[in-house]
Amino acid sequence: MSNVYYPDYLQLEKILGAQELESDKNGQHAHDEMLFIIIHQAYELWFKQVLYEVGSVMEIFKDGLVDDNGGELNIAVHRLQRVKTILDVLVKQWEIIETMTPLDFLDFRDMLRPASGFQSMQFKILEARLGLRMEARFGKQYYTSQLRPDHKAQIEALETEPTLLELVNAWLERMPFLKPEYWTGEPDFFGRLEKLYVASLVPGEEGNAALWRKIFVDGSPERHFSPAAARSALFIMLYRDEPIFQQAFRFLDSLLDLDTVMASWRARHISMVHRMIGLRVGTGGSTGKNYLKGAMDSHHIFSEIADLSSFLFERRKLPPLPERLKKAVGFAG
Ligand code: HEM
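Each value, and the rule that gives it
- Residues numbered from 1 in each chain as written.
- Predicted model: local features only at pLDDT ≥ 70, side-chain atom pairs only at ≥ 80, totals over all residues.
- Helix = DSSP H or I, 4+ residues; strand = E, 2+ residues; numbered from the N terminus.
- Buried ≥ 20, exposed ≤ 12 C-beta atoms within 10 Å, placed from the backbone.
- Contact = placed C-beta atoms within 7 Å.
- Expected span 1.5 Å × (residues − 1).

A.B. asks: Hey, could you go over the overall build of the chain for me, with residue numbers and the actual values?
C.D. replies: Of regular secondary structure, the chain possesses 17 helices and zero strands. Each principal axis of the C-alpha distribution contributes one length, and for the chain these read about 80 × 65 × 35 Å. Across the 333 residues that make up the chain, the buried fraction comes to 22%. In the chain, once contacts between residues fewer than 6 apart in sequence are set aside, the share between residues at least 24 apart is 76%.

A.B. asks: Tell me about helix H4 (residues 33-62), residues and numbers included.
C.D. replies: Relative to the 44 Å expected for 30 residues at 1.5 Å per residue, H4 spans 42 Å between its end C-alpha atoms, a close match to the ideal helical length. Among all positions of H4, only Glu33, Phe36, Tyr43, Val50, Val57 and Phe61 are buried. Buried residues along H4 sit against helix H3 (22-25), helix H5 (72-92), helix H8 (121-130) and helix H10 (164-174). Where H4 terminates, the next one or two residues include glycine 64, which has phi positive at roughly 80°.

A.B. asks: Can you explain the environment of phenylalanine 302? Please cite residues and give values.
C.D. replies: With respect to the element layout, phenylalanine 302 can be found in the loop between helix H15 (289-298) and helix H16 (303-307). Take phenylalanine 302: there are 23 C-beta atoms within 10 Å of it, and that puts it in the buried class. Note: C-alpha distance between phenylalanine 302 and isoleucine 96 (206 residues apart in sequence) is 30 Å. Excluding residues within four positions of it along the chain, phenylalanine 302 makes contact with Leu165, Leu255, Leu256, Leu258 and Asp259.

Below you can see the structure in the form of structure tokens.
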């Protein structure tokens, strides 16, 4: 076995030699440009780790058989929680760049045009892999406009690959617990839940009865989860205390955590950007703050899981699970 040497193992020569200041190249050294480069590099390194974890979770779901007994769901939850922890740190990290004042930034900002975080391939890949399709993007007309042709092609190629959102949809659709054979004597169990839900509506909420049908029965093109997947997800949320559903519930919850922490990341980026450049357009040529705000408001990926909270009702009203089902679902989804 060769002796591993710390600087070589970490390839520090490459990493620590990768800060070349544009302001130096222009003969106008700007002190804060070093911080600006390092903070971007630190973000990109963490994005790499996030993509690595998300990719491994997608692998678990790709083969069409998530082995819950074999701990695969547990691994997926664990890794998504790691992603959340990393993103929490990345939200906090905005404070470092905020030690640079707008005037310090102006010392070198114009030298960076047209480079921008808008060209962050890893960020775009992350959004695309999680489930943001091109047609659903805010500002889709210029979303890839600032990318080099090979990078643009790479983003476009992702449109033909399944996303985590789609893999989760397929996994939920495969869940066996709403199959009629477990519900002998109770053929329309889901209809019974619907009645319980409709009975729980208060004046002013009458329209929500139609929403139930749209989400769980008829489906609709604007929703990403099919009715079968939505029914399974609701079932998991309602029966989350049953040992067999705990892990599945934690998984759905981790997806919501991801959405929440991504939204916090975007919100903090926006407030930093506002402070740094006010209302000026970005170096990447977007409308700056307005683009970022539009992306923050519309780029939620798993919000349909959160929507399902509208259909929950009190535990004490829940029909008990049939014994047959309990026995059967030591399941491989
Ligand atoms: C002085 C600091 C910064 C300023 C003023 C700034 C400004 C902006 C602006 C105005 C945009 C919109 C696109 C454009 O027209 O350029 C943008 C996008 C973006 N920035 Fe920053 N940014 C800063 C730091 C960072 C850092 C440290 C990162 C970390 C990687 C980052 C990541 C991104 C990403 C990923 C986008 C695309 C967001 C999306 O499409 O939703 N930015 N930035």
